[in-house]
Amino acid sequence: MRIGVPKEIKNHEHRVALTPAGAVLLISAGHQVVVQSKAGADSGFSDAAYEQAGALVVPDAHQAWSQDLVVKVKEPQLSEYIFLRPELTLFTYLHLAAFPELAGELLVKKVCAIGYETVQTDAGVLPLLKPMSEVAGRVAVQMGVYFLQKENGSAFPGKGCLPAGIGGAPPMHAVIVGAGNVGMNAADAAAGLGARVTLLETNESRIRQLQRETHENITVVHFSHDGFYALLPTCDLLVGATLIPGKHAAQLLNRSDLRLMQPGSVFVDVSIDQGGISETSRATSYDDPVYVEEGVIHCCLPNLPAAVPQTSTSALTEATLPYIQTVAAHGVAGVLRDFPALARGINTLAGEIINPAVASTLAGKIQGTAEKTTSL
Ligand SMILES: NC(=O)c1ccc[n+]([C@@H]2O[C@H](COP(=O)([O-])OP(=O)(O)OC[C@H]3O[C@@H](n4cnc5c(N)ncnc54)[C@H](O)[C@@H]3O)[C@@H](O)[C@H]2O)c1
């Protein structure tokens, strides 16, 4: 199969979907790898490294996108819609629940689009979301702690507290909603800095497991709306880390609930890529990462792992490579027949949404795509 690796163009996205070591494995299996020039530069991989691996390095996006299988990191951006076409298999993070317009384009162009985040094992594990979630949970705390400082380089001074309690000063209180991959890594990172952490979760068996395993500074409790609101007045750092796979994140906070928090406290909504957990959440970018609503500093970056591309690219490609090898070796028909975990990741195929959770979330939300497509 011919595999294309375009350079990511989403704002401040520095990761790449394939390392030179991954290219070696694909090429040795008989595939052709075409990498856009500078695609790996921010992750520490030069064009020469891809050439040494046996890949063809091409100057522009069009050539990378013209291959049978295109592997990416982030969802196609508006200027990439022209590359979508019926023969294309696209393998990337899609998060279509948050991007109905993109879903419409993938349907109209009849792309086979496989979303990393919806590849799911029989046991319900999301193996391609996990590594980036682990990174995101840790970056979320680094961001949150930074913006909690009075001097934080933004127009919005934080409360001015340090994570660890020093002398008589109490430690920061971090409240984390969702105790999955993001939530647990955020909890570990915050507790490691000396913070007091309250982790809220809905899944009973997960709560019992974590109550046996976690750090002494971390309290795991069952999520209830009243219990959550009761924590807000003492919460310095709030992290949104829930997920219902393929669905829009449940909205757990209204604008008025935020008034329970103290001015200058920080809310990092990691779930923003699924729409966010608050009425006040809207995606930000690394150009302008924070804004304030009701006195609370909001940081809603949909690509937190992009801040640490050397770590993120290694972690991501280690997880995705076996699945890329499977698509390349067996094609979409083979995946549908023999690889159920990967088949669950197929969001759109031949003009239909075939992932049930994505289909139910997007029902009635995809309109006007035909007009947009003809104008491109
Ligand atoms: N912004 C970013 O850069 C970035 C990066 C990676 C992941 N994410 C997002 O972070 C979110 C979490 O990902 P994850 O890998 O940790 O998922 P996960 O499935 O491992 O964990 C989510 C947890 O949330 C729990 N949950 C669901 N609804 C809840 C509720 N109402 N209250 C409390 N807990 C609830 C689930 O039971 C589960 O344990 C997802 O939306 C994911 O897309 C964002």
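Rules and cut-offs
- Residues numbered from 1 in each chain as written.
- Predicted model: local features only at pLDDT ≥ 70, side-chain atom pairs only at ≥ 80, totals over all residues.
- Heavy atoms only, no water.
- Core = buried A, V, L, I, M, F, W, Y, C linked by side-chain atoms within 4.5 Å.
- Buried < 20%, exposed > 50% of the residue type's maximum accessible area, 1.4 Å probe, protein only.
- Domains from an automatic or database assignment.
- Contact = heavy atoms within 4.5 Å.
- Near = heavy atom within 4 Å.
- Polar contact = N/O pair within 3.5 Å; in protein donor to acceptor, adjacent residues only side chain to side chain.
- Areas by Shrake-Rupley, 256 points an atom, 1.4 Å probe, with all protein chains shown as cover.
- Helix = DSSP H or I, 4+ residues; strand = E, 2+ residues; numbered from the N terminus.
- Axes fitted to C-alpha atoms, helices over the stretch in contact; angles between N-to-C directions.
- Parallel < 35°, antiparallel > 145°, perpendicular 65-115°, else oblique.
- Left-handed = near helix turned anticlockwise from the far one by under 90°.
- Nonpolar A, V, L, I, M, F, W, Y, C, P; charged D, E, K, R; others polar.
- Buried area = accessible area lost by both parts, 1.4 Å probe.
- Pairing = 2+ DSSP bridges.
- Phe/Tyr/Trp six-rings, centres within 6.5 Å; stacked < 30°, edge-to-face > 60°.
- Expected span 1.5 Å × (residues − 1).

### Side note on the nonpolar core
Stage number 1. Val71, Phe91 and Leu304 are the most contacted members of the largest nonpolar core, which has 79 residues in total.
Stage number 2. Structurally, this core is a two-domain feature, drawing no fewer than three residues from each of domain 1 (2–119 + 309–375) and domain 2 (130–307).
Stage number 3. When sequence neighbours within four positions are dropped, the list of residues in contact with Leu304 reads Ala136, Val139, Ala140, Met143, Val270 and Tyr286.
Stage number 4. Membership of the second largest hydrophobic core comes to 17 residues, among which are Phe223, Leu232, Ala249 and Ile277.

### A word on the site of the ligand
Stage number 1. Around the ligand sit 28 residues, and of these Ser133, Val182, Glu201, Asp273 and Leu304 come closest.
Stage number 2. In the environment of the ligand, an oxygen atom lies 3.0 Å from a nitrogen or oxygen atom belonging to the backbone of Asn181.
Stage number 3. One of the backbone N or O atoms of Val270 is found 3.1 Å from a nitrogen atom in the ligand.
Stage number 4. Look at the ligand: alone it shows 860 Å² of surface, and the protein chains cover 90% of it.
Stage number 5. Contributing elements (two or more residues each) for the shell around the ligand: helix H5 (130–147), helix H6 (181–192) and strand E8 (196–201).

### Some points on the packing of helix H1 (residues 20–28) against helix H10 (residues 309–338)
Stage number 1. H10 packs onto H1 with a crossing angle of 25 degrees between their chain directions and a minimal axis gap of 11 Å. The angle between H1 and H10 falls in the class roughly parallel. Relative to H10, the crossing made by H1 is right-handed. Of the residues in H10, those touching H1 at Gly22, Leu25 and Leu26 are Leu321, Ile324, Gln325 and Ala328.
Stage number 2. Among the residues making up the contact of H1 with H10, the classes are represented as five nonpolar, two polar and no charged.

### Here we look at the domain arrangement of the protein chain
Stage number 1. Under the domain assignment used here, the protein chain contains domain 1 (2–119 + 309–375) and domain 2 (130–307).
Stage number 2. Once you take the C-alpha centre of each, domain 1 and domain 2 turn out to be 30 Å apart.
Stage number 3. Across the boundary between the two partners, domain 1 contributes 21 residues, which contact 18 residues of domain 2.
Stage number 4. Here domain 1 packs against domain 2, burying approximately 1,600 Å² in sum over the two surfaces, 54% of which is carbon and sulfur.
Stage number 5. Interface area lost by domain 1 to domain 2 is led by Asn11, His12 and His95, which between them contribute 26%.

### Examining the sheet that holds strand E7 (residues 173–177)
Stage number 1. Pairing within the open sheet is mixed, and its seven strands lie in the order E9-E8-E7-E10-E11-E13-E12. Of all the strands in the sheet, the pair left with one neighbour each is strand E9 (218–222) and strand E12 (290–293). Averaged over all adjacent pairs, the angle separating strand axes in this sheet is 20 degrees, with direction ignored.
Stage number 2. For E7 and E8, the ladder comprises five bridges, and the chain directions are parallel.

### Digging into the environment of Pro86
Stage number 1. As for its placement among the helices and strands, Pro86 is situated in the loop between strand E4 (69–71) and strand E5 (89–92).
Stage number 2. Taking the relative accessible area as the measure of exposure, Pro86 reaches 51% and is therefore exposed.
Stage number 3. Taking the C-alpha atoms as reference, Pro86 lies 48 Å from Thr198; in sequence the two are 112 residues apart.
Stage number 4. If near-sequence neighbours (up to four positions away) are discounted, Pro86 is found in contact with Lys109 and Lys110.

### Overview of helix H4 (residues 100–108)
Stage number 1. Regarding H4, the residues found buried are Leu102, Ala103, Gly104, Glu105, Leu106 and Leu107.
Stage number 2. Lys110 lies just past H4 and shows a positive phi near 55 degrees.

### Brief notes about the sheet that holds strand E3 (residues 56–58)
Stage number 1. Pairing is mixed across the open sheet formed by eight strands, whose spatial order is E3-E2-E1-E4-E5-E6-E14-E15. Looking along the sheet, the strands with just one partner apiece sit at the ends: E3 and strand E15 (352–353).
Stage number 2. Pairing geometry for strand E1 (residues 2–5) and E4, over two bridges, is parallel. Bridge assignment links Ile3 to a residue of E4, and that residue is Leu69.

### Examining the pairing of strand E11 (residues 266–269)
Stage number 1. Every second residue of E11 is oriented toward a common face, with Val266 and Val268 on one face and Phe267 and Asp269 on the other, all of them buried.
Stage number 2. Two elements, E11 and strand E13 (residues 296–299), share three bridges in a ladder whose sense is parallel. By the bridge assignment for E13, Phe267 is matched with His298.

### Some details on the pairing of strand E14 (residues 346–349)
Stage number 1. Pairing of strand E6 (residues 112–115) with E14 involves two bridges; the strand directions are antiparallel. If you follow Ala113 over to E14, its bridge partner there is Thr348.
Stage number 2. Pairing of E14 with E15 involves two bridges; the strand directions are antiparallel. In the sheet register, Leu349 faces E15, and the bridge partner there is Glu352.

### With respect to the packing of aromatic side chains
Stage number 1. In total, this model carries seven aromatic pairs according to the counting rule given.
Stage number 2. A connected cluster of aromatic rings, assembled from ring pairs, spans Phe91, Tyr93 and Tyr116.

### Some points on the side chain of Thr280
Stage number 1. Structurally, Thr280 can be placed in the loop between E11 and E12.
Stage number 2. Excluding its chain neighbours within four sequence positions, the residues that come into contact with Thr280 are Arg255, Leu258, Tyr291, Glu293 and His298.

### Some words on H6
Stage number 1. An ideal rise of 1.5 Å per residue puts 16 Å on 12 residues; H6 measures up with 16 Å between its terminal C-alpha atoms.
Stage number 2. Among the 12 residues of H6, nine are classified as buried, and the element is accordingly described as predominantly covered.
Stage number 3. Along H6, the residues classified as buried are Val182, Gly183, Met184, Asn185, Ala186, Ala187, Ala189, Ala190 and Ala191.
Stage number 4. Gly194 lies just past H6 and shows a positive phi near 100 degrees.

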